[in-house]
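So the chains spell out like this:
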Amino acid sequence: VKIVHELGHAYTARHFGCRVPTMGIALLVLWPVLYTDVSDAWRLVPRRQRLLIGAAGVLAELALALIATFVWSFLSDGPARSAAFLVATTTWIATLAINFSPFMRFDGYYLLSDWLGVSNLGDRSFALGRWRLRQAALGLDEAPPEVFPPHTRRILLIYAWTTWLYRAVVFFGIALLVYHFFIKLVGIFLMAVEIVWFLARPVLSEAGEWWQRRHLIRLNRNLLATLALLTVGVGALVTPWQGRVALPAVMRAAGYATLFPPLPARIVEMTAAPDKKVTAGEVLYRLEAPELDYGLRAVRLRIAVTDLRLQRATGSAEVLESLSSLQQQLATLISTEAGLIARQERLVLRAPFDGVITDLPPDLRPGLWLKPDQPLGRVVNRERATVRGYLAAADLERIRPGARGRFIPEDPVRPGFEVKVIAIEQVNAAVLDLPMLASTQGGPIAVQPAPAPSAQQGALVPTSAVYRVTLTLVDLTTQAPEQIIPGTALIEAGTISPLARLWRFAASVFIRESGW
């Protein structure tokens with residue numbers, strides 16, 4: 001598709017009598033891109049011909065997309081039809097989005113240049129933009145680098161400033177891409193080179209131009225406004241004014257437990273019922289696992305046989321020689337029996353505390369087989385509410401137990417609650433135990449599934465270090481909600497300046513990625 005695009009430029013230029021000295025491949029952030037040199041088109045006087053050469057690549061792709069759409073309607077399902085569909089849709093849309101942007105030196109740039117009739121559009125508009133910036137920021141009364149009609153000058157100024165902003169975002173994105181593409185220290189180095197060369201260098205170059213004109217600068221209204229804005233900006237960066245920490249959090253009952261079968265089992269008896277009040281230790285389910293019962297009977301039979309052989313040891317010289325081995329075997333069997341009995345006792349599910357049964361599945365009944373991850377309802381104690389949140393590593397030193405704040409639910413209809421920090425875990429959470437806060441569920445904490453070979457397979461693992469924080473409501477008489485309520489806890493914390501926060505973040509990333 002891209003070869004067709006470049007040939008569209010080349011053949012259109014040749015049609016109007018222009019030379020095409022080179023066609024080839026260039027590297028853009030180590031990514032190969034095709035190019036065609038049609039700079040000879042500036043010899044053409046008719047603007048329409050120059051515009052056609054600039055738009056020929058996209059027009060060729062659109063023609064190819066029309067052909068692909070026609071072919072796609074006749075092909076049977078398979079790789080060829082999928083390829084035709086891709087050409088008919090994705091490729092030309094991406095081409096329009098990228099090539100028609102005038103802010104990089106792609107087709108859109110040359111089309112805008114031809115439409116305005118301004119050759120070397122980038123350099124000339126940037127020179128005009130820098131002149132206007134010096135005039136607005138320093139109040140310099142210099143002649144413009146070129147004289148344009150007022151309408152054209154406004155367009156060039158808007159183009160220059162918009163391009164600077166656009167390229168700053170693009171180059172910063174490319175820097176992040178380079179950082180993630182390469183490994184550790186190499187990625188950091190290349191990211192720094194990208195930022196210094198494409199972002200910092202133009203700013204420092206313009207600052208050098210201002211310094212060379214320092215003898216022309218006089219105190220004026222524009223200069224005073226610029227100094228005031230710089231003072232406010234620098235003050236906002238260095239002043240410790242960020243005195244609150246936002247924690248993704250949920251509010252729920254302090255007594256909150258979900259019942260799960262410990263292993264594949266069948267319901268023998270159940271007393272659980274919706275909204276039933278239960279007391280601590282009350283039996284809610286009796287389950288049975290035939291394989292476990294069979295194993296227990298087999299172990300007990302082996303214990304009986306081994307014990308009988310030990311009792312008859314005095315009557316057999318052969319058994320006397322293996323007495324120590326039999327005793328060890330008996331001890332192992334007794335230990336195995338104890339383990340099976342403990343697993344069997346876990347099949348009796350009891351209420352862990354006083355509360356009410358909620359979220360009971362409607363289809364539960366005696367005789368139903370259950371999976372270990374199948375919830376059997378929840379026991380909730382609504383007498384007291386608690387808030388559980390997660391704190392980012394960068395804010396770990398800023399709050400302490402006893403700090404106060406406010407929990408704000410996601411649902412704007414619900415009221416907020418005053419809260420107090422009672423505990424902060426000092427070891428980062430290995431898994432996220434509140435799925436509603438995970439990015440996979442639309443939450444604010446970025447997670448990824450644990451890898452398959454690990455013991456936590458399928459669990460949600462935070463991509464960056466977070467620490468569990470437990471909070472309690474200041475008003476202890478507030479009744480706990482019936483459901484889990486996600487929200488944000490805003491906690492009063494030690495103040496820190498944005499610049500210090502940025503420095504800590506950059507230093508932590510550098511140390512982490514360098515492997516120190």
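Details of the structure are given in the entry above.
Rules used throughout
- Residues numbered from 1 in each chain as written.
- Predicted model: local features only at pLDDT ≥ 70, side-chain atom pairs only at ≥ 80, totals over all residues.
- Heavy atoms only, no water.
- Helix = DSSP H or I, 4+ residues; strand = E, 2+ residues; numbered from the N terminus.
- Buried < 20%, exposed > 50% of the residue type's maximum accessible area, 1.4 Å probe, protein only.
- Polar contact = N/O pair within 3.5 Å; in protein donor to acceptor, adjacent residues only side chain to side chain.
- Contact = heavy atoms within 4.5 Å.
- Expected span 1.5 Å × (residues − 1).
- Pairing = 2+ DSSP bridges.
- Patch = residues over 30% accessible without salt bridge, like charges linked within 9 Å, V, L, I, M, F, W, Y side chains within 5 Å.
- Areas by Shrake-Rupley, 256 points an atom, 1.4 Å probe, with all protein chains shown as cover.
- Salt bridge = Lys/Arg side-chain N within 4 Å of Asp/Glu carboxyl O.
- Core = buried A, V, L, I, M, F, W, Y, C linked by side-chain atoms within 4.5 Å.
- Axes fitted to C-alpha atoms, helices over the stretch in contact; angles between N-to-C directions.
- Parallel < 35°, antiparallel > 145°, perpendicular 65-115°, else oblique.
- Left-handed = near helix turned anticlockwise from the far one by under 90°.
- Nonpolar A, V, L, I, M, F, W, Y, C, P; charged D, E, K, R; others polar.

Asker: Kindly report on the side chain of Thr 163, identifying the contributing residues and their values.
Answerer: Relative to the elements of secondary structure, Thr 163 occurs in helix H6 (residues 150–181). Its relative accessible area of 0% is what places Thr 163 among the buried residues. Separated by 2.6 Å, the side chain of Thr 163 and the backbone oxygen of Tyr 159 make a polar contact. Beyond its immediate stretch of four places on either side in the chain, Thr 163 contacts Phe 103 and Phe 126.

Asker: Outline unusual backbone geometry, supporting the account with residue identities and numerical values.
Answerer: Positive phi, normally seen in glycine, also occurs at Asn 120, with a value near 50°. Here Asn 120 falls in the partly exposed class, since its relative accessible area comes to 39%. Positive phi outside glycine occurs at Asp 275, with the angle close to 60°. Looking at where Asp 275 falls in the secondary structure, it is placed in the loop between strand S4 (265–270) and strand S5 (277–278). What makes Asp 275 exposed here is its relative accessible area of 57%.

Asker: Describe the environment of Ser 325, and please don't skip the residues or the numbers.
Answerer: Structurally, the position occupied by Ser 325 is in helix H11 (residues 323–345). Between the C-alpha atoms of Ser 325 and Ile 399, which are 74 residues apart in sequence, the distance is 60 Å.

Asker: Mind laying out helix H1 (residues 2–15), listing which residues take part and the relevant values?
Answerer: Note on helix geometry: an α-helix contains 3.6 residues per turn, so any two residues three or four positions apart are oriented the same way. Over its 14 residues, H1 runs 20 Å from end to end, which matches the ideal 20 Å to within 8%, given 1.5 Å per residue. Along H1, the residues that are buried comprise His 5, Glu 6, Gly 8, His 9, Ala 10, Thr 12 and Ala 13. Buried positions along H1 lie against strand S1 (23–28), strand S2 (31–36), helix H2 (47–72), helix H3 (79–99) and helix H4 (107–116). Where H1 terminates, the next one or two residues include Gly 17, which has phi positive at roughly 85°.

Asker: Describe the sheet that holds strand S7 (residues 348–350), and please don't skip the residues or the numbers.
Answerer: With respect to topology, four strands assemble into an open sheet ordered S7-S6-S4-S9, the strand pairing being antiparallel. Each having just a single partner strand, S7 and strand S9 (369–370) make up the two edges of the open sheet. Taken together, the three bridges between strand S6 (residues 283–288) and S7 define a ladder with antiparallel strand orientation. If you follow Val 283 over to S7, its bridge partner there is Arg 350.

Asker: Can you tell me about a nonpolar patch on the surface, naming the residues and giving the values?
Answerer: A contiguous nonpolar patch, built from Ile 3, Leu 7, Tyr 11, Met 23, Ile 25 and Leu 34 and spanning about 610 Å² of accessible area, is present on the exposed surface. If you list the elements that add at least two residues to the nonpolar patch, you get H1 and S1. In terms of residues, the nonpolar patch owes the most to one element, H1, which gives three residues.

Asker: Tell me about the nonpolar core, and name the residues and values.
Answerer: Counting residues in hydrophobic clusters, the biggest one holds 29 residues, and the most contacted among them are Leu 284, Tyr 285, Leu 287, Leu 347, Leu 364, Leu 370 and Leu 376. Secondary-structure elements contributing two or more residues to this core are S4, S6, helix H9 (290–311) and H11. Not counting chain neighbours up to four residues away, the residues in contact with Leu 347 comprise Pro 262, Leu 263, Ala 265, Tyr 285, Arg 286, Leu 287, Glu 288, Ala 289 and Leu 292. Within the second largest apolar cluster, 25 residues are counted, among which are Ala 403, Phe 407, Ala 480 and Ala 489.

Asker: Break down the environment of Ala 254 for me, with residues and values.
Answerer: For Ala 254, the position within the fold is in strand S3 (residues 242–258). Owing to a relative accessible area of 34%, Ala 254 belongs among the partly exposed residues under this scheme. With residues near it in sequence (within four places) discarded, Ala 254 still touches Asn 381, Arg 384, Ala 385 and Thr 386.

Asker: Got a sec to walk through the packing of H2 against H3? Specific residues and values, please.
Answerer: Running from N to C, H2 and H3 point in directions that differ by 155°, and their axes come no closer than 8 Å. When the axis of H2 is compared with that of H3, the two are roughly antiparallel. The handedness of the crossing between H2 and H3 is left-handed. When H2 is examined against H3, the residues Val 58, Glu 61, Leu 62, Leu 64, Ala 65, Ala 68, Thr 69 and Trp 72 are found in contact with a partner set consisting of Arg 81, Ala 84, Phe 85, Val 87, Ala 88, Thr 91, Trp 92, Thr 95, Leu 96 and Asn 99. When the residues that make up the contact of H2 with H3 are grouped by side-chain class, the tally is twelve nonpolar, four polar and two charged.

These values are about where atoms sit, not about what they do.
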